[in-house]
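One letter stands for each residue in the lines below.
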Amino acid sequence: GSIKSVDVGLSQLVKMGKGQRVSEFLEAIFQANPDTLSFKQFDSVGHALTTKDRALAEDMAVRWLMSGNQELASHMSSLLGGSAREPTIFEVDISTYALSDNEALFLARKAVGWFFFHPITAASLIICVLRSVKSAMAETIGDLLFEPLLLNYSGELRDHLSARVKGPKDRAKPHIHRAVAKLDAYLD
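Residues numbered from 1 in each chain as written. Predicted model: local features only at pLDDT ≥ 70, side-chain atom pairs only at ≥ 80, totals over all residues. Heavy atoms only, no water.

Chemist: For this particular structure, what's the right way to read the nonpolar core?
Modeler: Soluble globular proteins tend to bury their nonpolar side chains together. Ranked by internal contacts, the top residues of the largest apolar core, which has 58 residues, are Leu 26, Phe 39, Leu 49, Leu 125, Ile 126 and Ile 141. Residues contacting Phe 39, with those up to four places away along its chain left out, are Leu 26, Phe 30, Val 45, Gly 46, Leu 49, Trp 64, His 75, Ser 78 and Leu 79. (Core = buried A, V, L, I, M, F, W, Y, C linked by side-chain atoms within 4.5 Å. Buried < 20%, exposed > 50% of the residue type's maximum accessible area, 1.4 Å probe, protein only. Contact = heavy atoms within 4.5 Å.)

Have a look at this one:
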């Protein structure tokens, strides 16, 4: 009962705009109790993060994936990966994190690894990373859209990426288009 009360209290804090405190608390409690606590016990705050403060949930995802902490990444994967709902589409501005090229590649690879079974979610985070990278590393990161994602999920993911190419101007478009073209050539 105590955990449920804390969960409900944390969800209220998110709704009141005090999500940063919630993020810090969850990070500390998940790291202190790696085998016993997860978003299964904190489902109310998880729901509040994904519906009321998506920007905070996306920030937590980036920070937790970048931390290299397997427990935190696993919790974020379970929260944002989902199973029976619509895929999470990241829209986070990665440039605010001032990542080096190698850190951007690290984040993109973490997105593939932790959201592999949710390819649209993984691809959306890679696209966010591509928007912030200006060097030749963007090509390497863009290749992750083709291999392993499109090679393993050519149906729904291809449709999603094709729709993004037709959308508004985006720095990631050339990489998306190239990945889809590679898939078409591969399938031909």
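Chemist: Explain the pattern of salt bridges here, please?
Modeler: What the rule picks out here adds up to 12 salt bridges. The salt bridge partner of Asp 170 is Arg 131, with a shortest N-O separation of 2.8 Å. Taken as a pair, Asp 170 in the loop between α9 (156–166) and α10 (173–187) and Arg 131 in helix α7 (residues 119–132) lie far apart in primary sequence, 39 residues in all. Overall, Asp 170 belongs to the buried group, its relative accessible area being 17%. (Salt bridge = Lys/Arg side-chain N within 4 Å of Asp/Glu carboxyl O. Helix = DSSP H or I, 4+ residues; strand = E, 2+ residues; numbered from the N terminus.)

Chemist: Any chance you could explain the packing of helix α1 (residues 2–15) against helix α3 (residues 43–51) here in plain terms?
Modeler: Helix-helix packing is described using two parameters, namely the angle between the two axes and the distance between the axes. One way to put it is that α1 packs onto α3 with a least axis distance of 7 Å and a crossing angle of 15°. Between α1 and α3, the crossing angle belongs to the class labelled roughly parallel. When the axes of α1 and α3 are compared, the crossing they make is left-handed. The segment α1 lies against α3, with Lys 4, Asp 7, Val 8, Leu 10, Ser 11, Val 14 and Lys 15 engaging Asp 43, Ser 44, Val 45, Ala 48 and Leu 49. For the contact of α1 with α3, the per-class residue count stands at 6 nonpolar, 2 polar and 4 charged. (Axes fitted to C-alpha atoms, helices over the stretch in contact; angles between N-to-C directions. Parallel < 35°, antiparallel > 145°, perpendicular 65-115°, else oblique. Left-handed = near helix turned anticlockwise from the far one by under 90°. Nonpolar A, V, L, I, M, F, W, Y, C, P; charged D, E, K, R; others polar.)

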